[in-house]
Amino acid sequence: MIMALDLSADSPGGSVELLHDLYSGTSPLIAGQVFMFPPKSPDKQIPAGVQLVKARGKCVNGLPFWSYVKTLRRALAPHLDSGGVAAVHFQNLAFGGAPALIELLPKHPRLALVHGTGLLFAARHRP
């Protein structure tokens, strides 16, 4: 399983907590690779099992969105072993992470966990 959330590793919220509960820590409930951005605060502890990637330009609309997806795809590519990936989990749409991983792993099974608020946001931001 591979999971990417294009938020910093110290982001608050239930979706991030769920991600950590399932995929990170010293004994994760589900084995996989987790990718997030570096914490906004340098003194924050990064949960075990979270790999940090850097990609600038996060946005949700227009041509800059697709540039961001390309940047994120390039940041994730060196860390992925597509032969070892059984499924891809899109956490709360992971707005840039989802299309970047679809491009990197186009034939892999996918699982999406999406909240109603995420769907409302996506309806207002078509890409």
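Scroll up to find the structure this text is about.
Another aspect to go through is helix α2 (residues 62-76). Counted at 1.5 Å a residue, the expected span for α2 with its 15 residues is 21 Å, and the 22 Å between its end C-alpha atoms agrees. Within α2, the full set of buried residues consists of Phe65, Tyr68, Val69, Leu72, Ala75 and Leu76. In an axial view of α2, the angular spread of the buried residues amounts to 125°, which keeps them on one side of the axis. Of the residues in α2, the exposed ones pointing more than 90 degrees away from the buried face are Leu63 and Arg74.

Let's shift gears to the layout of surface pockets. Taken as a whole, the second largest pocket holds about 200 Å³ of empty space. What lines the second largest pocket is simply Asp6, Leu7, Ser8, Ser11, Phe37, Pro38, Lys40, Lys54, Ala55, Arg56 and Lys58. Here the lining of the second largest pocket gets 3 residues from one element, more than from any other, and that element is strand β1 (residues 2-8). Taken together, the residues that form the lining of the second largest pocket break down as 4 nonpolar, 2 polar and 5 charged.

Looking at helix α1 (residues 14-23), one finds that the buried residues are Ser15, Val16, Leu19, His20 and Tyr23. The buried residues of α1 all sit within an arc of 140° when viewed along its axis, so they share a single face. Remark: Gly25 follows α1 within two positions and exhibits a positive phi of approximately 95°.

For His20, the position within the fold is in helix α1. Judged by its relative accessible area of 12%, His20 falls in the buried class. Not counting the four nearest positions on each side in its chain, His20 is found in contact with Ala9, Met36, Pro47 and Val50.

A few words now on the nonpolar core. Among the nonpolar cores identified, the biggest contains 20 residues, and Ile2, Leu72, Leu76 and Leu101 are the most heavily contacted of them. Of all the secondary structure elements, the ones that give two or more residues to this core are β1, β2 (33-37), α2, β4 (88-91) and α3 (97-104). Leave out the neighbours within four places in its chain, and Ile2 touches Gln33, Phe35, Leu80, Val85, Ala87, Val88, His89, Leu101 and Leu105. Among the nonpolar cores identified, the runner-up in size contains 9 residues, and Leu5, Ala9, Tyr23 and Met36 belong to it.

Calculation criteria
- Residues numbered from 1 in each chain as written.
- Predicted model: local features only at pLDDT ≥ 70, side-chain atom pairs only at ≥ 80, totals over all residues.
- Heavy atoms only, no water.
- Helix = DSSP H or I, 4+ residues; strand = E, 2+ residues; numbered from the N terminus.
- Expected span 1.5 Å × (residues − 1).
- Buried < 20%, exposed > 50% of the residue type's maximum accessible area, 1.4 Å probe, protein only.
- Arc of directions from axis to C-beta.
- 1 Å grid on protein atoms, 1.4 Å probe; cavity = no way out; pocket = protein on both sides within 12 Å on 5 of 7 lines; lining within 4 Å.
- Points joined across faces, edges and corners; volume = space filled by probe spheres on them.
- Nonpolar A, V, L, I, M, F, W, Y, C, P; charged D, E, K, R; others polar.
- Contact = heavy atoms within 4.5 Å.
- Core = buried A, V, L, I, M, F, W, Y, C linked by side-chain atoms within 4.5 Å.

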